[in-house]
Amino acid sequence: MKEAYFLGIDIGTQGSRVALIDVKGNLIATAQQAFPLTDQSREEQSPEMWWETCVTILKSLIVEVRNKINLRNINAVSVTSTSGTVIPLDEDNRPLHPAIMYSDKRSASVAETCKAAALKFHPEGYTNFNASSGLSKMVWFVRNFPHETKKIAKWIHAADYITGKLCGRWDITDYTNALKSGYDLEHLLWPAYLYEVLPLKKEWLQEVVPSATPIAPLLPSLVTDLGLQGEIMVVAGMTDGCASQVASGAMNRGEWNTTIGTTLVIKGVTTTQIADPKGRLYNHRHPDSAGGWMPGGASNTGADWITEDFQEGLRDLNQQALGLIPTGYLAWPLRQQGERFPFIAPQARGFSPEGLSRPERYAANMEGVAYLERYAYEMIEGLSGEKVNAVFTAGGGSNSDTWLRIRSNVLNLPIYKMRYVTGAVGAAILAASKTYFDSVTEAVKKLTQIEETFEPEKELADTYGTYYKDFVATLHEKGYIGRMEL
């Protein structure tokens, strides 16, 4: 196998990271740097600051590896960043305004206008716009900054800004970034209502291509400045959530990725789009032409309860919990009021039996999240008509072998704990997908590594099957789900 390396860049809310992998998926080097956060950084950030930070950590990584590898064998680079973060550019590709972050809530009322327009004029496309959607922010900006609006030449997304700085192409984005800006992934077009009903202009909208599409070589001046050698291809990137799915390995039909961090996020691959009348799921298009679709959803439940209540003595707690499962206790560690996935219940509150010891409560909470995960996958199977065959996992929740064993038995499915599941590694796999391999699916197969496998145990899985039914019945009794959802 020819020696080759691939770079991935991840521009996050709190910092940036770069990763370099080889043709076997080994992580050769990584570098990162935090951003100077302020009270305003949840609303706006400086794209120029992103770029300066990016150059700094790229140079740091290259210095680290220059004596370990042949720099001429770095083939390609790709970028991932937050979904829904947008930037207006002038005709010289300079930002007219700081990046409007996905977490900026100022466009909440405008989002309702965007949603109503989509439902009326293009209901077959994406319609579930909210304050975190790129389209809402673009319309909000036009309404509130008329002077700057006159100078707009193009709207781009966060990852597109770094891609533009790398190769000089600002007019291209990818399927995943374009979705929540209003792009129709079924018919592969920008719907006319965006510029005939909403106050956008057609010329502001980028060309949309599948993620991993080669765009242009790294600028020669940048190759020199970074201390690199040879031609390096810049390829179309992806949103950070989708890039993490790529890094998880769940890119074939029937394969799903659960990431348990602050929230529980589920993404997978199906043959067709999942039509969810309740709006719990959204659908990305697979970057491979025959790949199908990539549905996903995000819960308000996750592992934040561990950070808040169980951080002390966590290793001992996991060992104690291993001897307690299955507990038979029904708990749900929702830390806030309201749930959005896998069911919508604004009134929902977490619950736990009284009088439990600390280890019992810890074990019961892990089981409760696993029950919710199973409910999500059963809902997905019901809507899609397709079987969930395996779950690839990442996030803080995957650091507990006890929790992984619980989840495998509750789901009655194999769970694969993956080795390198970061946005930067996902971007590096995209960089390799159509420059070294023939597709994203092939690259994922060759470049992802399973760290550990957890298989269901029949007796334990059967017991958990009974407790799961009790958990669902409890959700129904509390009015969080209806009878049709049982």
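The structure contained in this document is the topic of the report that follows. (Residues numbered from 1 in each chain as written. Predicted model: local features only at pLDDT ≥ 70, side-chain atom pairs only at ≥ 80, totals over all residues. Heavy atoms only, no water.)

Turning next to the sheet that holds strand β14 (residues 255-260). Taken in spatial order, the 7 strands make up an open sheet running β16-β17-β15-β14-β18-β19-β20, and their pairing is mixed. The open sheet terminates on both sides in strands that have one partner only, identified here as β16 (282-285) and β20 (450-454). Adjacent strand axes in the sheet meet at a mean angle of 25°, parallel and antiparallel pairs treated alike. Direction of pairing for β14 relative to strand β18 (residues 390-394): parallel, over a ladder of 5 bridges. Along β18, the bridge assignment pairs T258 with T393. (Pairing = 2+ DSSP bridges. Helix = DSSP H or I, 4+ residues; strand = E, 2+ residues; numbered from the N terminus. Axes fitted to C-alpha atoms, helices over the stretch in contact; angles between N-to-C directions.)

A few words on the nonpolar core. Formed by 50 residues in total, the largest nonpolar core has its most connected members in W332, F343 and W403. For this core, the leading source of residues is helix α12 (residues 358-384), giving 12 residues. The contacts of W332, once residues within four sequence positions are left out, are T301, E339, F343, A348, R349, G350, F351, L372, F471, L475 and Y480. Of all hydrophobic cores here, the second largest spans 48 residues; its members include L7, L58, I156 and L166. (Core = buried A, V, L, I, M, F, W, Y, C linked by side-chain atoms within 4.5 Å. Buried < 20%, exposed > 50% of the residue type's maximum accessible area, 1.4 Å probe, protein only. Contact = heavy atoms within 4.5 Å.)

Within the secondary structure layout, E44 lies in strand β4 (residues 44-45). At 2.8 Å, the side chain of E44 forms a polar contact with the side chain of H97. (Polar contact = N/O pair within 3.5 Å; in protein donor to acceptor, adjacent residues only side chain to side chain.)

A full pass over the atoms with the stated rule returns 18 salt bridges. Residue R169 pairs with D171 through a salt bridge whose shortest N-O separation is 2.9 Å. The partly exposed category is assigned to D171, whose relative accessible area is 26%. The network of salt bridges with shared partners includes E43, E44, D104 and R106. (Salt bridge = Lys/Arg side-chain N within 4 Å of Asp/Glu carboxyl O.)

This paragraph deals with the state of the cysteines. Applying the stated criterion to the full structure yields 0 disulfides. You can see C54 has no disulfide; the closest cysteine sulfur is in C167, sitting 13 Å from it. Note on C54: relative accessible area 0%, which makes it buried. (Disulfide = S-S within 2.5 Å.)

The next point concerns the packing of α12 against helix α13 (residues 401-411). It is at 9 Å that the axes of α12 and α13 come closest, and there the two elements cross at 40°. When the interaxial angle is binned, α12 and α13 end up oblique. Every pair of crossing elements has a handedness; the one defined by α12 and α13 is right-handed. Across from A363, M366, E367, V369, A370, Y371, E373, R374 and Y377 in α12, the residues of α13 making contact are T402, W403, I406, R407, V410 and L411. Taken together, the residues that form the contact of α12 with α13 break down as 10 nonpolar, 1 polar and 4 charged. (Parallel < 35°, antiparallel > 145°, perpendicular 65-115°, else oblique. Left-handed = near helix turned anticlockwise from the far one by under 90°. Nonpolar A, V, L, I, M, F, W, Y, C, P; charged D, E, K, R; others polar.)

Turning to the environment of S81, a few remarks are in order. On the secondary structure map, S81 appears in strand β5 (residues 74-81). Excluding residues within four positions of it along the chain, S81 makes contact with D10, I11, A158, A159, M238, T239 and D240. A distance of 2.6 Å separates the side chain of S81 from the backbone oxygen of I11, its partner in a polar contact.

A separate point is the layout of surface pockets. The volume enclosed by the second largest pocket comes to roughly 540 Å³. Lining the second largest pocket are 25 residues, with G125, Y126, T127, L281 and N283 positioned closest to its centre. Sorting the residues of the lining of the second largest pocket by element identifies α2 (108-121) and β16 as the ones contributing at least two each. Taken together, the residues of the lining of the second largest pocket break down into 13 nonpolar, 6 polar and 6 charged. (1 Å grid on protein atoms, 1.4 Å probe; cavity = no way out; pocket = protein on both sides within 12 Å on 5 of 7 lines; lining within 4 Å. Points joined across faces, edges and corners; volume = space filled by probe spheres on them.)

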